[in-house]
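Listed below are the residues making up each chain.
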Number of protein chains: 2
Amino acid sequence: MQKMLGEGTVVFAQPVYVRSYAAAVGKDEAEGPLGAYFDIKAADALWDQGTFEQAEKRFFMEAAKMALSKAGLSNNDIDFLVAGDLLNQIISASFSARDLGIPYVGLYGACSCMSESLSVASMLIDGGFANEILCVTSSHFATAERQFRNPLELGTPKPPTAQDTVTGAGATVLCKEQQDICITAATIGKVVDLGITDAGNMGGAMAPSAVQTVLTHLEKMGTTPQDYDAVYTGDLGVFGSELFLDLTKQYGFDFSANYRDCGAMIYAGNKNKPNGASGCGCSATVLNGYILQQMQAGTLHRVLFVATGSLQSPTSVLQGESIPGVAHAVELTRRQE
Amino acid sequence: MQKMLGEGTVVFAQPVYVRSYAAAVGKDEAEGPLGAYFDIKAADALWDQGTFEQAEKRFFMEAAKMALSKAGLSNNDIDFLVAGDLLNQIISASFSARDLGIPYVGLYGACSCMSESLSVASMLIDGGFANEILCVTSSHFATAERQFRNPLELGTPKPPTAQDTVTGAGATVLCKEQQDICITAATIGKVVDLGITDAGNMGGAMAPSAVQTVLTHLEKMGTTPQDYDAVYTGDLGVFGSELFLDLTKQYGFDFSANYRDCGAMIYAGNKNKPNGASGCGCSATVLNGYILQQMQAGTLHRVLFVATGSLQSPTSVLQGESIPGVAHAVELTRRQE
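Aligned on chain B, chain A shows an RMSD of 0.0 Å; the corresponding rotation is 180 degrees and the shift along the axis is 0.0 Å. Here the copies are linked by what is in effect a two-fold axis. Comparing interface residues between copies, 100% of those in chain A also lie at the interface in chain B; the contact surface is shared.

Where two aromatic rings form a pair, the distance of their centres and the angle of their planes describe that pair. Evaluated as defined, the whole model comprises 11 aromatic pairs over all chains. Relative to A:Tyr259, the ring of A:Phe244 lies with its centre 4.3 Å away and its plane at 20 degrees, an arrangement referred to as stacked. Of the two residues, A:Phe244 is situated in helix H7 (residues 237-250) and A:Tyr259 in strand S11 (residues 259-261); the sequence distance between them amounts to 15 residues. For the pair A:Phe244 and A:Tyr259, one class covers both residues: buried. Linked through ring pairs, B:Phe244, B:Phe253, B:Phe255 and B:Tyr259 together constitute an aromatic cluster. Above the face of the A:Tyr267 ring, A:Lys273 is positioned so that its terminal group lies 4.8 Å from the ring centre. Note that B:Lys273 overlies the ring of B:Phe141, its terminal NZ or CZ placed 5.1 Å from the centroid.

Moving on: the pattern of salt bridges. Considering all chains together, one arrives at 38 salt bridges over all chains under this definition. B:Glu145 is paired through a salt bridge with B:Arg149; the nearest N and O atoms lie 2.9 Å apart. What makes B:Arg149 partly exposed here is its relative accessible area of 27%. What emerges from the salt-bridge pattern is a single network uniting A:Asp28, A:Glu145, A:Arg149, A:Lys158, A:Asp164 and A:Lys273.

Attention shifts here to the pairing of strand S9 (residues 181-187) of chain B. Residue and element names in this part refer to chain B. Summarising burial for S9: 6 of the 7 residues are buried, a large majority. Inspection of the sheet shows strand S2 (residues 9-25) paired to S9 by 5 bridges, in the antiparallel sense. Its bridge partner being in S9, Val16 is matched across the sheet by Ile183. With 6 bridges joining them, S9 and strand S14 (residues 325-334) adopt antiparallel strand pairing. For Ile181, the partnering residue across the bridge sits in S14 and is Arg334.

Parameters and conventions
Residues numbered from 1 in each chain as written. Chains lettered and ligands numbered in written order. Predicted model: local features only at pLDDT ≥ 70, side-chain atom pairs only at ≥ 80, totals over all residues. Heavy atoms only, no water. Least-squares fit on C-alpha atoms with pLDDT ≥ 70 in both. Contact = heavy atoms within 4.5 Å. Phe/Tyr/Trp six-rings, centres within 6.5 Å; stacked < 30°, edge-to-face > 60°. Helix = DSSP H or I, 4+ residues; strand = E, 2+ residues; numbered from the N terminus. Buried < 20%, exposed > 50% of the residue type's maximum accessible area, 1.4 Å probe, protein only. Lys NZ or Arg CZ within 6 Å of the ring centre and 35° of its normal. Salt bridge = Lys/Arg side-chain N within 4 Å of Asp/Glu carboxyl O. Pairing = 2+ DSSP bridges.

And the structure:
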């Protein structure tokens, strides 16, 4: 069987299965339209911790522990933790890896981390190097604001193209043993940079990379937008997802019927967050809350999940560099009854 | 064949081969005892760039391009770029990935990045998902100092346990096709944290993780220290490598005959850098300069290469958190003539 289709697209000889999944979120996420789908809801952003960074780690750990618990597995049953987050030196993932004691593959793909981890983990399982892998990622509004933008205490207004970082974490246990939902293929994205230098417009910076990865995946798999019940991008936000639809239309593809963006969904109706969400935790919580539950229920059968990351650093932005984007696609299928 | 030996140790059904390798270094590295082994030597730390960050990216790109050139391959022949670096949001790797246009798996493992990338890439190749993978990592004294410690302009003295970040990058092309040197096994490390909170003593913080990974690898592979011509840790430095020898001795292992640390080697004799080197570029340049050339020449036949990373962030250090360490081991073998 041909596993390599070229341009980063791979198919698995055996499907890699989703054994369990869990999402932990903050208050604004819990009060949004997807609130009912999240397993764990923190009362506030600090969640009894001393710092926001420790709180982000708690979201990471709670999602990880809940996914393990649903799988009926302990840390020792997991071959690898494949994880990352948005913070400098991915401290949420690394400190959690210490506490979990699982051999640790640390990733950085900014907000593309959930699909990057699922893609890499699926290759490790199908390659015969693991039976069970825990994939986790997290983000936190307060840690991301002070790292990437301004201290919250300043009360700096945001431009209308800015998005709000999700406070939350999502965890998936992937396995070799047959389950209802599986990953059948993935596309590791190339980095795309159209020269946007405004860190307040990350959706615009990431949309071209999402378009490239999705169209590559379709071409290599020989599929059309209509072959999927739904195509989800990670966190292009309201403006960025309009750009995704416009750009794909220019290439002759019509995604209008089944395309949605996790970042546009999670805060829909929240007047304080008009352009939606971003952050590793955005696509991670929507996948491990809403999307996988919809697949489990049989509402969705074939889904393309495309987490999107903008790869700038505060230093590179201050130095006038543009914002490169990346997107990785994971194709999920629900077994037909 | 059993590929999974447990506790993060994996063996490859088919060896994964080293097709080519290259190292680009700065002035102090070029003037050290390993200077003759490095392919590319920059005249100064800025290397005609506008910022030190752009200079670090140039080291990354020059090493990558030289490895591709030695392999006789172009960017389009490479299935994946598996890379990372020390900078926030791994901008050296991500901006290079944009320029290289290769599907990109971004990693963060601090200074363990070289062996993390070789381990992951080997699993992807042996798993059937790639024929050629480019593994690269870099660091730069000036970018690391201002990110992790103090602005150079302050002239802050360092404690005797501090190490100096290597300015340089190393690149390896791994492939499926048979070559003289191959990777036969790897151990993905667990994160170990003995509670050191002094970011000026990273060798001490990382040594226990190196010990754990090396002893796990030996146990799972059924080998002893004497089975290897050499065991190299990444950047424990002079003090940290003494600690490695002491700790392994306590566990009943004698590495005194064949153990060396890349960080203790690269600046040996340099009175301004008494505790040696650190940084992703340290183990990367020593591997892709000295070690692989020694293997190619037949001086070394079986080598355990163990890059080591300390996973703190400047924020976590200021918040009083301890410094977790991680180490990943890669076992390299030279074909006997």
